[in-house]
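Structural description and commentary
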Amino acid sequence: MTALKVLALSASLAVVGGCSTSIDEYRDTTPTFSLKSYFDGELTAWGIVQDYSGKITRRFCVDIIATWQGNSGQLHESFYFNDGTRQTRIWNVNIAPDKSVTGTAGDVVGQATGQSQGSAFNWQYTLTVPIDGSEYDFAIDDWMYALDDKRMMNRSYMKKFGVTVAEFSIFFDKGARLPSCESQM
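Let me sum up the structure you'll find in this document.

Calculation rules
- Residues numbered from 1 in each chain as written.
- Predicted model: local features only at pLDDT ≥ 70, side-chain atom pairs only at ≥ 80, totals over all residues.
- Heavy atoms only, no water.
- Helix = DSSP H or I, 4+ residues; strand = E, 2+ residues; numbered from the N terminus.
- Buried < 20%, exposed > 50% of the residue type's maximum accessible area, 1.4 Å probe, protein only.
- Polar contact = N/O pair within 3.5 Å; in protein donor to acceptor, adjacent residues only side chain to side chain.
- Disulfide = S-S within 2.5 Å.
- Salt bridge = Lys/Arg side-chain N within 4 Å of Asp/Glu carboxyl O.
- Core = buried A, V, L, I, M, F, W, Y, C linked by side-chain atoms within 4.5 Å.
- Contact = heavy atoms within 4.5 Å.
- Phe/Tyr/Trp six-rings, centres within 6.5 Å; stacked < 30°, edge-to-face > 60°.
- Lys NZ or Arg CZ within 6 Å of the ring centre and 35° of its normal.

**Re the environment of D63**
Checked against the element boundaries, D63 lands in strand β2 (residues 56-69). Using a relative accessible area of 11% as the deciding quantity, one classes D63 as buried. Each C-alpha atom of the pair D63 and L43 lies 5.8 Å from the other, and the pair is 20 residues apart in sequence. A distance of 2.9 Å separates a polar atom in the side chain of D63 from a polar atom in the side chain of T44. Among the polar contacts made by the side chain of D63, one reaches the main-chain amide nitrogen of C181 at a distance of 2.9 Å.

**Things to note about the state of the cysteines**
Here, the word disulfide means a covalent bond between the sulfur atoms of two cysteines. Tallied over the entire structure, the rule returns 1 disulfide. Here C61 is linked by a disulfide to C181, with a sulfur-sulfur distance of 2.0 Å. Measuring handedness by torsion sign, the sulfur bridge of C61 and C181 sits at about -75 degrees and is left-handed. Of this pair, C61 sits in strand β2 while C181 sits in helix α3 (residues 181-184), placing them 120 residues apart in sequence. For C181, a relative accessible area of 0% translates into the label buried.

**So, the pattern of salt bridges**
If the charged atoms of two oppositely charged side chains come close together, the side chains can form a pair. The tally for this structure, following the rule as stated, stands at 7 salt bridges. Between R89 and E77 there is a salt bridge whose closest N-O contact spans 3.8 Å. Within this pair, whereas R89 is found in strand β4 (residues 86-95), its partner E77 is found in strand β3 (residues 72-81), the two being separated by 12 residues in sequence. Classification of R89 as buried rests on a relative accessible area of 10%.

**With respect to the nonpolar core**
In this structure, F33, F39, W91 and M158 are the most contacted members of the largest nonpolar core, which totals 40 residues. For this core, the element with the highest residue contribution is strand β7 (residues 120-131), accounting for 6 residues. Here W91 is in contact with G73, Q74, L75, E77, G103, T104, A105, V108, A112, W123 and Y125, once residues within four sequence places are set aside.

**Some points on the packing of aromatic side chains**
Across all of its chains, the model carries 15 aromatic pairs by this definition. Relative to F172, the ring of F39 lies with its centre 5.5 Å away and its plane at 85 degrees, an arrangement referred to as edge-to-face. Placement of the pair is F39 in the loop between α2 (35-38) and β1 (41-51) and F172 in strand β10 (residues 163-173), with a sequence separation of 133 residues. Taken individually, F39 and F172 each receive the classification buried, so the pair is uniform in this respect. Ring geometry for F60 and F79: centres 5.9 Å apart, planes at 55 degrees, overall tilted. Within this pair, whereas F60 is found in strand β2, its partner F79 is found in strand β3, the two being separated by 19 residues in sequence. Judged by its relative accessible area of 5%, F60 falls in the buried class. Positioned above the aromatic ring of F138, the side-chain terminus of K160 is 5.5 Å from the ring centre.

Here it is as structure tokens:
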């Protein structure tokens, strides 16, 4: 889909609204999700991208190397897409005494903000995405859910003008160290 079509669709659907979930709704859920504990060391995850209609447009694998010094961490993400595209994002994150999280990355506009409650973590930021030779900013509403101490599900919603134009689903499993994405894609 061309960038113009994405923007036109977003503008035409801007009147469609929806209710969003509050992180507080997860306060008493278990297992408790800890960003610092889960993202520690090497991880591999697998995901899909769906467009506004629900059609899967891409598959990917991501290798993450996470390191921490106190409550400051770095998440080095290497994405491998099924079309051969590769992308790197390096997050620099900080966990404040009140447990709120802030972060920056090269393709993130300003600062990402997040917080955990119970088994969930919600992370919100603006991401600059290259499309057809131009760059566009999209609001990202990113949710991570601990399934147990080894597995986590991540659902992200990419929005333009308040309308979801793409969704990402990512599955993480720390149970067994599998080959890196580079050897799989």
